[in-house]
Amino acid sequence: VGSSSDPRSRFRVNLLYTKAGVMRSGDLHKSIQRDFVFTGCVRVWTLEKSTGKTIQKDYGPCSYIAIPPYTPHIFEFVQDSTMAEWWEDGTFFAWFYQPYRKLVEDSFSAKIPGK
């Protein structure tokens with residue numbers, strides 16, 4: 001998106017379709033992550049910095065989500081869902097937050113037959 005002649009105006013947008021029962025992310029970013037849920041239901045887990053507790057909130061169709069910089073998060077797909085994600089400064093960079101990332105990886109394994 002943006003002018004192809006000006007690299008500063010380009011940014012990355014991910015469009016995702018995810019089946020119920022799967023988790024994504026388990027990471028954090030240096031800028032605001034913005035998301036929009038088109039269909040389905042997504043439960044977003046975020047780590048509250050002041051208490052160290054995980055907060056969970058459900059978002060349905062036509063919901064906008066903004067995750068602050070450096071906030072560990074997980075997307076748990078309660079229903080088959082379609083969503084978009086992009087970042088405030090237009091660039092993507094992530095660090096895994098291992099306590100959450102393990103849950104994400106385990107959700108992948110649970111969906112693979114024979115595992």
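Attention here is on the structure that accompanies the text. Because the structure is a prediction, the values reported are computed rather than measured.

## Some details on the overall build of the protein
Scanning the protein from terminus to terminus reveals 1 helix and 9 strands. Tracing the protein from N to C terminus, the helices and strands come up as β-β-β-β-β-β-β-β-β-α. Considering only contacts within the protein whose residues lie at least 6 apart along the sequence, 78% involve residues at least 24 apart. A total accessible area of about 6800 Å² is found for the protein, and carbon and sulfur atoms account for 58% of it.

## Regarding the layout of surface pockets
Its volume calculated, the largest pocket comes out at about 180 Å³. Lining the largest pocket are 14 residues; nearest its centre among them are Arg24, Ser25, Asp27, Glu85 and Arg101. Of all the secondary-structure elements, those providing two or more residues to the lining of the largest pocket are β1 (13-18), β2 (23-29), β8 (81-87) and α1 (98-111). For the lining of the largest pocket, the leading source of residues is β2, giving 4 residues.

## A few points about the pairing of strand β4 (residues 42-47)
Judged from the 6 bridges that link them, β4 and strand β5 (residues 54-59) form a sheet pairing that is antiparallel. In the sheet register, arginine 43 faces β5, and the bridge partner there is aspartate 58. What sits between β4 and β5 in their antiparallel hairpin is a turn of 6 residues, with glycine 52 showing a positive phi close to 75°. Here β4 runs beside strand β7 (residues 73-77); their pairing, made up of 5 bridges, is antiparallel. By the bridge assignment, valine 42 is partnered in β7 with phenylalanine 77.

## Quick notes on the nonpolar core
Judged by nonpolar contacts, Leu16, Val37, Val42, Val44, Tyr59, Ile65, Ile67, Phe75, Phe77 and Met83 together constitute the single largest core of 10 residues. Residue assignment for this core shows that the elements contributing at least two residues are β4, β6 (63-67) and β7. Discounting chain neighbours no more than four positions away, the residues touching isoleucine 65 are Gln33, Arg34, Asp35, Val37, Val44 and Tyr59. Core analysis: the next-biggest nonpolar cluster, separate from the first, contains 6 residues, Met23, Trp45, Leu47 and Ile74 among them.

## Let's talk about the sheet that holds strand β3 (residues 33-39)
In sheet architecture, strand pairing relies on hydrogen bonds along the backbone and comes in two forms, parallel and antiparallel. Taken in spatial order, the 4 strands of this open sheet run β1-β8-β3-β6, and their pairing is antiparallel. The sheet is open, and its two borders are formed by β1 and β6, each paired with just one other strand. Here the average twist between neighbouring strands, direction ignored, is 20°. As paired strands, β3 and β8 are joined by 6 bridges and run antiparallel to one another. When the sheet's bridge partners are listed, arginine 34 is paired in β8 with tryptophan 86.

## Focus: the environment of valine 104
Tracing the sequence through the fold places valine 104 in helix α1. In this structure the C-alpha to C-alpha distance between valine 104 and valine 22, which are 82 residues apart in sequence, comes to 7.5 Å. Contacts of valine 104, omitting those with residues within four sequence positions, involve Met23, Arg24, Ser25, Gly26 and Ile74.

## Remarks on unusual backbone geometry
Although it is not a glycine, serine 25 adopts a positive phi angle of roughly 80°. Note that serine 25 resides in strand β2. With a phi angle near 65°, cysteine 62 is a residue other than glycine that sits in the positive phi range. Residue position: cysteine 62 is located in the loop between β5 and β6.

Thresholds, definitions, all that
- Residues numbered from 1 in each chain as written.
- Predicted model: local features only at pLDDT ≥ 70, side-chain atom pairs only at ≥ 80, totals over all residues.
- Heavy atoms only, no water.
- Helix = DSSP H or I, 4+ residues; strand = E, 2+ residues; numbered from the N terminus.
- Contact = heavy atoms within 4.5 Å.
- Areas by Shrake-Rupley, 256 points an atom, 1.4 Å probe, with all protein chains shown as cover.
- 1 Å grid on protein atoms, 1.4 Å probe; cavity = no way out; pocket = protein on both sides within 12 Å on 5 of 7 lines; lining within 4 Å.
- Points joined across faces, edges and corners; volume = space filled by probe spheres on them.
- Pairing = 2+ DSSP bridges.
- Core = buried A, V, L, I, M, F, W, Y, C linked by side-chain atoms within 4.5 Å.
- Buried < 20%, exposed > 50% of the residue type's maximum accessible area, 1.4 Å probe, protein only.
- Axes fitted to C-alpha atoms, helices over the stretch in contact; angles between N-to-C directions.

Nothing here speaks to function; it is all geometry.
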